[in-house]
Each structure stands twice: as structure tokens, then as C-alpha cells.
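Coordinates in review
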Amino acid sequence: MDEILLKIEDLFIEYQTELETVRAVNGVSLEVKSGRTLGIVGETGAGKTTTCLSILRLLPDRTGRVTGGNICFRDKNIYSLSEEEMRTQICGEKISMIFQDPMTSLNPVMTVGSQIYEALKYHNHENKTREELERRVDEVLELVGIPAERKTEYPHQFSGGMKQRVVIAIALACEPELLIADEPTTALDVTVQAQVLAMMRDLQKKVGSAILLITHDLGVVAQMCDDALVMYAGEIVESGSIEDIFTPGSHHPYTMGLFGAIPDLDSAVDRLTPIEGLMPDPTKLPDGCYFADRCPYAEELCKQIHPTRTSLSGTHTILCHRFSEGLKEVSHE
Ligand SMILES: Nc1ncnc2c1ncn2[C@@H]1O[C@H](COP(=O)(O)OP(=O)(O)OP(=O)(O)O)[C@@H](O)[C@H]1O
Ligand SMILES: [Mg+2]
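The structure presented is a predicted model; accordingly, all values stated were derived computationally and were not measured.

Close contacts around ligand 1 come from 16 residues, with Tyr15, Thr44, Lys48, Thr49 and Thr50 the closest. Of all elements in the fold, only β2 (21-33) and α1 (48-55) reach the threshold of two or more residues within the shell around ligand 1. Considering each element in turn, the shell around ligand 1 owes the most residues, three residues, to α1. Taken together, the residues of the shell around ligand 1 sort by class into six nonpolar, nine polar and one charged.

Our next topic: the nonpolar core. Among the nonpolar cores identified, the biggest contains 89 residues, and Ile116, Ala169, Leu178, Ile180, Val230 and Tyr232 are the most heavily contacted of them. With residues near it in sequence (within four places) discarded, Leu178 still touches Leu5, Leu6, Val32, Lys94, Ile95, Ser209, Ala210 and Leu212.

Attention now goes to the sheet that holds strand β3 (residues 37-41). Pairing in this open sheet of eight strands is mixed, and the strands run β6-β7-β8-β3-β9-β10-β12-β11 from one edge to the other. The open sheet is flanked by β6 (95-98) and β11 (309-311), the only strands paired with a single partner. Averaged over all neighbouring strand pairs, the angle between strand axes comes to 15°, with direction disregarded. In this sheet, strand β12 (residues 317-319) lies alongside strand β10 (residues 235-241) in antiparallel orientation, the contact comprising two bridges. Pairing of Ser239 across the sheet is with Thr317, part of β12.

As a further point, take the pairing of β6. Burial along β6 is two-sided: the residues Ile95 and Met97 and Ser96 and Ile98 are all buried. As defined by bridge partners, β6 adjoins strand β7 (residues 178-182) across four bridges and the pair is classed as parallel. Note that in β7 the partner of Ser96 across the bridge is Leu179.

The next thing to look at is the sheet that holds strand β4 (residues 64-73). The four strands lie next to each other as β2-β1-β4-β5, forming an open sheet whose pairing is antiparallel. Edge strands, defined here as strands with exactly one partner in the open sheet, are β2 and β5 (76-77). Of the pairings in the sheet, the one linking strand β1 (residues 4-16) to β4 comprises eight bridges and is antiparallel in character. Its bridge partner lying in β4, Leu6 is registered against Phe73.

The residue Ser105 is located in the loop between β6 and α3 (112-122) in this model. Along the backbone, Ser105 and Cys225 are 120 residues apart, and their C-alpha atoms lie at a distance of 25 Å. Not counting chain neighbours up to four residues away, the residues in contact with Ser105 comprise Phe99 and Val167.

Let us look at helix α6 (residues 190-207). Think of an α-helix as 3.6 residues a turn; residues three or four steps apart then line up on the same face. With 18 residues, α6 should reach 26 Å at 1.5 Å per residue; the first-to-last C-alpha distance of 26 Å fits that figure. When α6 is considered as a whole, its buried residues turn out to be Val196, Met200 and Leu203. Down the axis of α6, the buried side of the element spans an arc of 60°, and every buried residue falls inside it. Of the exposed residues in α6, those oriented more than 90 degrees away from the buried face are Val190, Thr191, Ala198, Asp202, Lys205 and Lys206.

Within the protein, residue pLDDT values average 87, and 92% of them lie at 70 or more. Contacts for the low-pLDDT stretch residues 328-333, under 50 throughout, to residues beyond four places or in other chains number ten contacts.

Each value, and the rule that gives it
Within each chain, residues carry numbers counting from 1 in the order of the written sequence. The lettering of chains begins at A and the numbering of ligands begins at 1, in the order of writing. Where local features are concerned, this predicted model is filtered to residues with pLDDT of at least 70; where side-chain atom pairs are given and counted, the filter is 80 or more; whole-chain, interface and lining totals use all residues. What makes a residue near a molecule or strand is its C-beta atom, placed from the backbone, lying within 6 Å of it. Here a strand is any run of E in DSSP of at least two residues, a helix any run of H or I of at least four, and the numbering for each starts at the N terminus. When residues are grouped by polarity, Ala, Val, Leu, Ile, Met, Phe, Trp, Tyr, Cys and Pro land in nonpolar, Asp, Glu, Lys and Arg in charged, and all others, Gly among them, in polar. We define the nonpolar core as any set of buried residues of the types Ala, Val, Leu, Ile, Met, Phe, Trp, Tyr and Cys, connected via C-beta atoms lying within 7 Å of each other. Three exposure classes are used. Buried residues have 20 or more other C-beta atoms within 10 Å of their own C-beta, exposed residues have 12 or fewer, and partly exposed residues fall in between, all C-beta atoms being placed from the backbone. Once C-beta atoms are placed from the backbone, any two residues with those atoms within 7 Å are in contact. Two strands form a pair only when DSSP identifies at least two bridges running between them. Here an axis means a line fitted to C-alpha atoms, over the contact stretch when the element is a helix, while the angle between two N-to-C directions is reported on a 0 to 180 degree scale. Under the convention used throughout, the expected extent of a helix is 1.5 Å for every residue step, that is, one less than its residue count. The arc in question is the one spanned by the directions pointing from the helix axis to the C-beta atoms. Per-residue confidence from the predictor is given as pLDDT, running between 0 and 100.

So this is what it looks like as C-alpha cells:
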């Protein structure tokens, strides 16, 4: 069950606009194993969506560009596949993505039912009949809490939360090996959110899918994920198992800021705590640590030299001078 499905190594992504270059992702490495869930947290603009889009080669054509690194799905380098191979072998079939904005993945001129039907038909390996597929459409809709008779309606007739549920239904119906879910439950109320998370877990149990889950909700991370990454200004500033991240002890100052204090896995702290100050301008990243301006522990060294990653244990890594070799490790509980 612990085969590495997705491996990203030292990924760099830039957006080139007329006037400037946005350095959105700066050396991200991560692995997602089958049957496991990796959570990514970080404040707005950290590069979470950009990282996800690059996995499916969906960066905006003219502006977005991978400038370094590798993305492999199983042992296939995503960027060495042809468009055709990408479309037939990877998208939908092997990897599904639930987008942050549901309208990007729904067709406004097709009924909701026919969009689910098309997705099921495309992946119909068991040669089910039309009637069987139609029944499955009803089932899938009911599963996400939408009455089956609404399948003849168009996306604009649905509320934001309902549209998001349709997108989730389509992504799960295809039983992907890797599900990328970018803030899948933000627009949903708590009850439906719990149902959707349960559906994701069922899918995982049934087909051993790997899940890459982006969320602002630390409660969701604690509940759903095996491993977690904290992202800041296009970098992973801390990574580890869920225990590494949620246990008091050694943490990146940004993680501590986000969490307010590091909550334990059962605590009720759900929301990320706002941290004073702003992320650095991604068109003018500083030479030193990207967090230095907001960091309560920053010293002169932090402003001048970019930190390197330190491994605290087999699973736990931190990108901070305070943990670098030779510097005294400070424990903050
Ligand atoms: N199409 C684009 N053109 C130029 N810059 C972009 C584009 N898309 C994103 N960016 C920039 O890239 C950086 C990373 O954006 P991204 O959408 O990946 O962040 P995010 O972590 O998903 O944020 P959020 O939590 O708000 O969804 C930001 O500085 C953003 O302004
Ligand atoms: Mg995003």
C-alpha cells in the first residue's frame, strides 16, 4: 500500500506577466503514497494551487511555466508525455482534481446529470449499459446530497455549495488513483463537509487512492491526513507526519504562527491564525529567509542567507536557520 504514486522534486514555477515575473513555487519536493493523504496548508498566495495545477499540466498557457524540477506519476515524467498520453492515460483516469473554483470544471451549457454521465461513460471499463450508468448518476448525486431529479438542471441553477458537490461527485465517480482536492469543502456547510470527507475516505478505502488535500482548515488536516506540509512563499517550510506537525516541540516559526500555538490532534482549534505582516512580494523575493520580515526570532543571518532544510527525524523537516547545524536548537512549547 505504500507505493509512491506522485513524486515532485525541486519544482520551480514562474508566472510571466508583461511587466514582471512572479516566482510562485520555489523548490518544492513532495511524495504522495497510495492509500495515504497528504495535506498542504499555507496562507493565500503561498503557491498551493499553482503546485496542483502543474501536476495536471494545467498552468495557464502563456504565463505559467515550470522552470525547474520534475513531476513523476508512478515512474512517468508528466512533462515528457504527449498531450494525447496526458489526456487518455492521466487526466481523469488516473488523476482527478477538485478545483478551488467549481465553475472552472463544470460546463455551463450541459445539464449536471449529463456531465456526471459523460464522466462515468468515459471510464466505463465494466461496459455497463446506459440504464446502469443512469442509475449510477442518480446514486452519485444522492451520495453528495443532491436529489436525483435535479440532474436535468444546469450548473447556474445550483448554489455554490451544490456546484462544488457536483464537481466532487464527478471526481470521485471516476475512482482515480490520485485525487487532488484544492479546498474541496470550503464552500460547504459543516454537515455536508463531513459527508464529503467521508466519501473521500471511502474512495481511498475502496481503491487505495492517494489524496493530495489543500485546506485552510487545520481540523480537516488533523482528521484526514497522514502527512502534512506547510507552505510559505512557494516553499515548504515544514513537512512531516501528522504527529510531527501537531505535536508540541520543534516547529518552524511560521507553523507556530499559523497554528496560534501548536494544537494537539484532538483540540478544537480549526482556523489558521492570521500572522501580522504580509508575505514577500513574489516578484522580488529577498536573498535571505522569505519569512524573516515577519519572524519574531529573525536575526541578521536570517535576512542575508537563505536557510537550508534540516531533517529532525526520518519524517520531519524544517527550513529555518534556528534548526540548521551549528545553531542551537530551541524548543518552543
Ligand atoms: N495566472 C497567474 N498569473 C500571474 N500570477 C499568478 C497567476 N496565478 C497565480 N499567481 C500568483 O502566484 C502566487 C501563488 O498563487 P496560488 O494561486 O498558487 O496560491 P494559493 O496558495 O493557491 O492561494 P489561495 O490560498 O488564495 O488559493 C500568487 O502570488 C499569485 O498571485
Ligand atoms: Mg489556491
